[in-house]
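Analysis of the macromolecular model
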Amino acid sequence: MSDQTTGPSPIVSLSVRAATPLALVIAVFVFFAGHNRPGGGFAAGLLIGAVLVLRSVAGFPVPFRAIPLLAIGTIIACAVALAPMLWGDVFLNQVVVEQTLPLLGKVKSGSALVFDIGVTLIVSGLIVAVLDGFRADHLATPPPDLANEKTNAENDS
Amino acid sequence: MSAALIAAVAALVGSGVYLITSRSLSRIVLGFSLLGHSAVLALLAAGGSAGAPPIVGSSDRAPSDPLPQAFSLTAIVISFGLTLFVLALASRQRQLTGDDLVEDDVEDRRVAQLSSKPADDRAGETA
Amino acid sequence: MNAIIALAIVGPLAASGVGLLVRERHHLRDAITLMGLSATALAAIALLIDVQRNGTTVVRVGGWDPELGIVLVADQFAALILVVATLTILVVDIFAIGQRGTASTGDQTVVGPMLLVLTAGVSLAILTGDLFTLFVAFELILVSSYVLLTHQGRAAQLRSGMTYVVINLLASTLFLLGLAYVYTATRTVNIALLAERIPELDNGVRLGIGLWFLVVFGTKAAMFPLFSWLPDSYPTAPTTVTAVFAGLLTKIGVYVMIRFHTLTGMDDLGPVILVAAGLTMLVGVAGALAQNDVKRILSFHVVSQIGYMLMGLGLFSVAGVAGAVLFLVHQIPVKTVMFLVGGLIEDDQGNSSLDKVGGLAARRPIIAVLFAIPALSLAGIPPFSGFVAKLSLIDAGINAGSVAIVVVALVASMFTLLSMSKIWLGVFWREPTPPSEPASSKASKRMMNGGHHGCCGRHPRRRLARRAALEHERGNCP
């Protein structure tokens, strides 16, 4: 973590600040490439997570909380899994849409993309949760009852 | 190619099992990373000989078997999550006890002492 | 039927997401958890009725070919176990909501959503038609169980949780290596296709696969000699969590073992399984006799009872497997109820050690009755379900000519009764032995700690303080 006495080094914080938008753009690219090339929701989530870890090392605060990300990601993924059954299809079936958009040309996409949004949210949420867990300021000093329990356990032995 | 892969699997399993017999959780985590890699390599070996990337129309050569690759990917994702979880456990243990060693079970020790003591001592023993 | 099978798996997962979002609003969260679990249980019942009427249902997830894709299969066995499992989890959740704030429930903001994830994993493990999805289902169950076991973050839970996590991670790795082995040999992981291809394999390879998965599933099921993690880790968790684990998780291992080993024709492994079964029964019950704490005694009984199911499987006869299934259906609710009663004892007395509680039959007759019924059933006394299940197993054993395992089963059954009467005497009948002075002060200190762990603290602390005073009084006038 950052050096408590002097604060994070300006070089680190500047380069992390410069790297953030680049990494996010790559995350977006990887996310959309995932339809039929290497990439996808998991890789994009990891990239976003990597950005968050870098920023947290450089002393920037984490802008999200973990649980809402995890929860919303789960709900989105489950909804996409269940949606095809509304029109009597097999569950987890996917719909592929192909159309020509202005500027982008021919774009092929499908319901798997929405599923991937859920995956991305879950993966980045997991990483935020782990960051919280490792920092865990509220756990840094064990509450008094825990300290007691430990001495009890030692007395028993 | 399989012989090399299988030798690598054997080496990884060996060192992984050695590491998880340790009491320190950080070593156990390292051991599991190695074991996870060994499993992924074994799945890769299960896929048979290497071929072109298993994407339809990407090459003229015969594609390699896509199923073990899908398995490996899932296994990697799962072991990633679990490694993080065990690391969090280790860090919590360090906060509580100052180290990350797995401790003995208090109750186990009590039962072990029971058998080595005469019966009339037992009343005070459990307290 | 597609919809119902999907609902049983994805439904609880989606509900856990919603439950996590509103986890701070207690009533809403509890309502969502209850709704999710009830919906899953209802789906399971509908599935059972449908399978009874129309036969086995198969769902190809995403419409893929069974060689490549995931297949979910619901036959009578799967649907039956699914109904029992989901109803059991529902009951435990109702208990958790009812006992909120006592030492026997964990932090409900975690327990509710995680029980839903666990339910999704259990449904997937029961309904899946291929080994790899089974692996994923096991991981889903394990991840939620790791969290349930350690979420309070106390030192004892962390210690036992580590044993549990490490053993299960090792079993999962072995599972993956076994999958690689099976895939190399047969080019498939679909259980229905394996049932065709494994019997055609070379004998050595076939038995290797059978033994490998016996070890993997045996670790999950706590079969001798792979059981030592169970009595170590279960008693430290909050009661609601232990009850679900004891009732369900090991049984899922047995269920999968019955599935895999009968379908792939591993009859040659019968003697090995029978020996393991006998040792599991004896070692489990012997461990229970050595223990002095209600939850620990019950944990060893979990191990011992696994032996009976393995016995039915090891006989590899129709009657034997039927007996094992019957035993499975009997064990899941009985074991869960026993642990819940153990939790009631702990809540009422602040402790579940046989030396520190006593005379509960007079003060809490309802708890005594609630304990007596599953205890008699566990020991196999008529007219309870345990008697029927054990009778059918023993009958199958005698018909198969395996007298030795029948004798072992009967001996273990007698010891079970002995151990149950030990709890009965210790908790409900005899007055507690007056503890010596330092022990009493330590016990009350520990009870005060128990009060702090409860999630709201207000209610239990008052109760526990009263109890601590009582205990103190007892210490002074022997």
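Residues numbered from 1 in each chain as written. Chains lettered and ligands numbered in written order. Predicted model: local features only at pLDDT ≥ 70, side-chain atom pairs only at ≥ 80, totals over all residues.

1. Things to note about the overall build of chain B
Convention followed: Helical segments are the DSSP runs of H or I of at least four residues, strand segments are the runs of E of at least two, and each set is numbered from the N terminus. Three exposure classes are used, all based on how many other C-beta atoms lie within 10 Å of a residue's own C-beta (placed from the backbone): buried at 20 or more, exposed at 12 or fewer, and partly exposed between those limits. Throughout, a pair of residues is in contact if the C-beta atoms placed from their backbones lie within 7 Å.
Of the regular secondary structure elements, chain B holds 5 helices and 0 strands. Shown N-terminal to C-terminal, the secondary structure of chain B runs as helices and strands in the order α-α-α-α-α. Buried positions account for 32% of the 127 residues belonging to chain B. In chain B, of all internal contacts separated by at least 6 residues, the share reaching a separation of at least 24 is 50%.

2. Digging into the overall build of chain A
When its secondary structure is counted, chain A shows 5 helices and 2 strands. Traced from its N-terminal end to its C-terminal end, chain A shows the element sequence α-α-α-β-β-α-α. Counting only residues that meet the buried cut, chain A has 30% of its 157 residues in that class. At a minimum sequence separation of 6, the contacts of chain A that also span at least 24 residues come to 69%.

3. Looking at the environment of Arg94(B)
Residues and elements named next belong to chain B. Within the secondary structure layout, Arg 94 lies in helix 3 (residues 66-97). Spatially, the C-alpha atom of Arg 94 lies 9.8 Å from that of Leu 25, the residues being 69 residues apart in sequence. For Arg 94, the residues in contact, after removing those within four places along its chain, are Asp 99 and Asp 100.

4. A look at the pairing of strand 2 (residues 71-74) of chain C
Residue and element names in this part refer to chain C. This is how the line gets drawn: Strand pairing requires that DSSP identify at least two bridges connecting the strands.
Alternating positions in strand 2 separate into two faces, Val 71 and Val 73 on one and Leu 72 and Ala 74 on the other, with burial throughout. In this sheet, strand 2 lies alongside strand 1 (residues 57-60) in antiparallel orientation, the contact comprising 4 bridges. Within the sheet, the bridge partner assigned to Val 58 lies in strand 2 and is Val 73.

5. Considering the nonpolar core
Definition in use: Residues enter a nonpolar core if they are buried, belong to Ala, Val, Leu, Ile, Met, Phe, Trp, Tyr or Cys, and are joined to the set through C-beta atoms within 7 Å.
Leu43(B), Leu82(C), Leu127(C) and Leu179(C) are the most contacted members of the largest nonpolar core, which has 229 residues in total. With 17 residues, helix 6 (residues 155-186) of chain C is the single largest residue contributor to this core.

6. Let's talk about the environment of Ala79(C)
Residues and elements named next belong to chain C. The residue Ala 79 is located in helix 3 (residues 76-98) in this model. Assessed through the 26 C-beta atoms surrounding it within 10 Å, Ala 79 is described here as buried. For the pair formed by Ala 79 and Ala 44, sequence separation is 35 residues and the distance between their alpha carbons is 6.4 Å. Setting aside chain neighbours within four positions, we find Ala 79 in contact with Ala 44, Leu 47, Leu 48, Val 51 and Ala 74.

7. A few points about the packing of helix 11 (residues 270-290) of chain C against helix 17 (residues 403-429) of chain C
All names here are of chain C. We apply this condition: Orientation is described by lines fitted to C-alpha atoms, with helices fitted over the stretch in contact, and by angles between N-to-C directions that extend from 0 to 180 degrees. In what follows, roughly perpendicular refers to angles from 65 to 115 degrees, roughly parallel to angles under 35, roughly antiparallel to angles over 145, and oblique to any angle outside these ranges. Helix crossings are classified by the rotation of the near helix relative to the far one: an anticlockwise turn of less than a right angle makes the crossing left-handed, while a clockwise turn makes it right-handed. All amino acids are sorted into three groups, where Ala, Val, Leu, Ile, Met, Phe, Trp, Tyr, Cys and Pro are nonpolar, Asp, Glu, Lys and Arg are charged, and the leftover types, Gly among them, are polar.
One way to put it is that helix 11 packs onto helix 17 with a least axis distance of 9 Å and a crossing angle of 15°. Comparing their axes, helix 17 and helix 11 come out roughly parallel. Both helix 11 and helix 17 take part in a crossing whose hand is left-handed. Within the contact between the two elements, helix 11 uses Leu 274, Ala 277, Gly 278, Met 281, Leu 282, Val 285, Ala 288 and Leu 289 and helix 17 uses Ile 405, Val 408, Ala 409, Ala 412, Phe 415, Thr 416 and Ser 419. In terms of residue class, the contact of helix 11 with helix 17 is built from 12 nonpolar, 3 polar and no charged.

8. As for the packing of helix 1 (residues 2-21) of chain C against helix 4 (residues 108-127) of chain C
Residues and elements named next belong to chain C. The geometry of helix 1 relative to helix 4 is characterised by a closest axis approach of 8 Å and an angle of 165° between their N-to-C directions. Between helix 1 and helix 4, the angle is such that the two are roughly antiparallel. Judged by the sense of rotation from one axis to the other, the crossing of helix 1 with helix 4 is left-handed. Contacts between helix 1 and helix 4 pair Ile 5, Ala 8, Ile 9, Pro 12, Leu 13, Ala 15, Ser 16, Gly 19 and Leu 20 from the former with Gly 112, Pro 113, Leu 116, Val 117, Thr 119, Ala 120, Ser 123, Leu 124 and Leu 127 from the latter. The class makeup of the residues in the contact of helix 1 with helix 4 is 13 nonpolar, 5 polar and no charged.

9. Describing the confidence of the model for chain A
As a general rule, the predicted coordinates of low-pLDDT regions are not to be interpreted in detail. Residues and elements named next belong to chain A. For clarity, the threshold we go by: A residue's pLDDT is the confidence the predictor assigns to it, expressed on a 0 to 100 scale.
Across chain A, the average pLDDT comes to 75, with 70% of residues at 70 or higher. Across chain A, the element-wise mean pLDDT spans from 41 in helix 5 (residues 144-156) up to 89 in helix 1 (residues 10-33). Within the model, pLDDT remains below 50 along residues 137-157, and this stretch shows 28 contacts once partners closer than five positions in the same chain are excluded.

10. Re helix 1 of chain A
Residue and element names in this part refer to chain A. In plain terms, the rule: By this rule the span expected of a helix is its residue count minus one, scaled by 1.5 Å. The bend reported for a residue corresponds to the angle between axes fitted to the seven residues ending at that residue and the seven starting there.
The terminal C-alpha atoms of helix 1, which comprises 24 residues, lie 35 Å apart, in line with the 34 Å expected from a rise of 1.5 Å per residue. The sharpest bend along helix 1 comes to roughly 30°, located at Ala 19, with the proline Pro 21 sitting one to four residues further on. Of all the positions in helix 1, only Ala 27, Val 30 and Phe 31 are classed as buried.

11. With respect to the environment of Met257(C)
Residue and element names in this part refer to chain C. Mapped onto the fold, Met 257 is located in helix 10 (residues 239-263). Overall, the presence of 24 C-beta atoms within 10 Å leaves Met 257 in the buried class. When the C-alpha positions of Met 257 and Phe 316 are compared, they lie 12 Å apart, and in sequence the two are 59 residues distant. Not counting residues up to four positions away in its chain, the partners in contact with Met 257 are Phe 217, Ala 221 and Leu 313.

12. Comments concerning unusual backbone geometry
The bulk of non-glycine residues show a negative phi, and the bulk of peptide bonds are trans. Residues and elements named next belong to chain C. Note that the residue after Phe 224, namely Pro 225, is joined by a cis bond; omega there is -5°. Position of Pro 225 relative to the elements: it lies in the loop between helix 8 (203-221) and helix 9 (229-233). Here the residue pair Pro 382 and Pro 383 is connected by a cis peptide bond, since its omega of 5° sits within 30 degrees of zero. With respect to the helices and strands, the residue Pro 383 is situated in the loop between helix 15 (365-379) and helix 16 (385-399).

13. With respect to the confidence of the model for chain B
Mean pLDDT over chain B stands at 78; residues scoring 70 or higher make up 73%. For this predicted complex, the interface confidence score (ipTM) comes to 0.84, while the overall pTM stands at 0.84.

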